[in-house]
Amino acid sequence: MASQEIETLTAALSRLPGLGPRSARRAVLWLIKRRETSLVQLLEALDAVREALVECRTCGNVDTTDPCGICADPRRDARSICVVEEVADLWALDRARLFTGRYHVLGGRLSALDGVRPEDLAIDSLLRRIGEGGIDEVLLAMNATLEGQTTAHYIAERLEGFPVRVTQLAHGLPVGGELDYLDEGTLAQAIRARRPVA
Ligand SMILES: [Zn+2]
């Protein structure tokens, strides 16, 4: 029977995406065996993240500054906004280095199943950004999942009447594909071949 401390840590870790109770327990045991090395490193890294990281109030990216490095970078094309579901998608697309504009993170996707409604996502702030003018293109880079595509359609509808070109990633994306898991070549190809939203 494990101690209360171990139970608490295991429970906290098992809430992380991709970690169930079993892998959380294995991680805890692994850390206990390496308490002077890996555990200390992990503590320091967690502390640094808590101290340093903030959410960009413009785009929702996570960085050490607000506005984030991408929003503040004058070499970025301010006329182009790429809309993504999660920060991980922003980072994945940015690693592909083909999109030179700025981003907007929704913070999720519409989902009847999970009860995620439009007002739960950063859609109003996106419309405000576009309404302020100076934007030519909005690239909807949702995941190629049913919920991702539902979200893209919803946003495309909300953008009707704005003087912007609405595009989406080319669907060389595998069906059900999540951007975060794709290799950079596939992502680069999808950005290069982006097309107008029908
Ligand atoms: Zn930003």
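Structure: see above.
Residues numbered from 1 in each chain as written. Predicted model: local features only at pLDDT ≥ 70, side-chain atom pairs only at ≥ 80, totals over all residues. Heavy atoms only, no water.

Summing up its helical and strand segments, the protein has 8 helices and 7 strands in all. In terms of overall dimensions, the protein has C-alpha extents of about 60 × 35 × 35 Å along its principal axes. Burial status across the protein gives 38% buried among its 198 residues. Accessible surface for the protein amounts to roughly 11,900 Å². Of this, 54% is attributable to carbon and sulfur atoms. (Helix = DSSP H or I, 4+ residues; strand = E, 2+ residues; numbered from the N terminus. Buried < 20%, exposed > 50% of the residue type's maximum accessible area, 1.4 Å probe, protein only. Areas by Shrake-Rupley, 256 points an atom, 1.4 Å probe, with all protein chains shown as cover.)

What follows deals with the coordination of the zinc ion. The protein atoms that coordinate the zinc ion are Cys56 (SG), Cys59 (SG), Cys68 (SG) and Cys71 (SG), at distances of 2.3 Å. The site at the zinc ion holds 4 donor atoms, and with the angles between them running 104 to 116 degrees, its shape is tetrahedral. Positions of the donor residues of the zinc ion, expressed as sequence spacing, correspond to C-x2-C-x8-C-x2-C. Taken together, the residues span a long stretch of sequence, with Cys56 in the loop between strand E1 (54-55) and strand E2 (62-63) and Cys68 in the loop between E2 and helix H4 (69-72) at a distance of 12 residues. Judged by relative accessible area, which is 2%, Cys56 ranks as buried. (Donors = N, O, S within 2.8 Å, 3.2 Å for Na, K, Ca; no water. Tetrahedral: all angles 85-135°; square planar, octahedral: opposite > 155°, others 65-115°.)

Right, let's talk about the pairing of strand E5 (residues 137-140) for a bit. Residues of E5 alternate between two faces, with Glu137 and Leu139 on one and Val138 and Leu140 on the opposite face, all of them buried. With 4 bridges connecting them, strand E3 (residues 77-84) and E5 associate as parallel partners. Each bridged residue has a counterpart across the sheet, and for Ser80 the counterpart in E5 is Glu137. With 4 bridges joining them, E5 and strand E6 (residues 165-168) adopt parallel strand pairing. Bridging from a neighbouring strand, Glu137 pairs with Arg165 of E6. (Pairing = 2+ DSSP bridges.)

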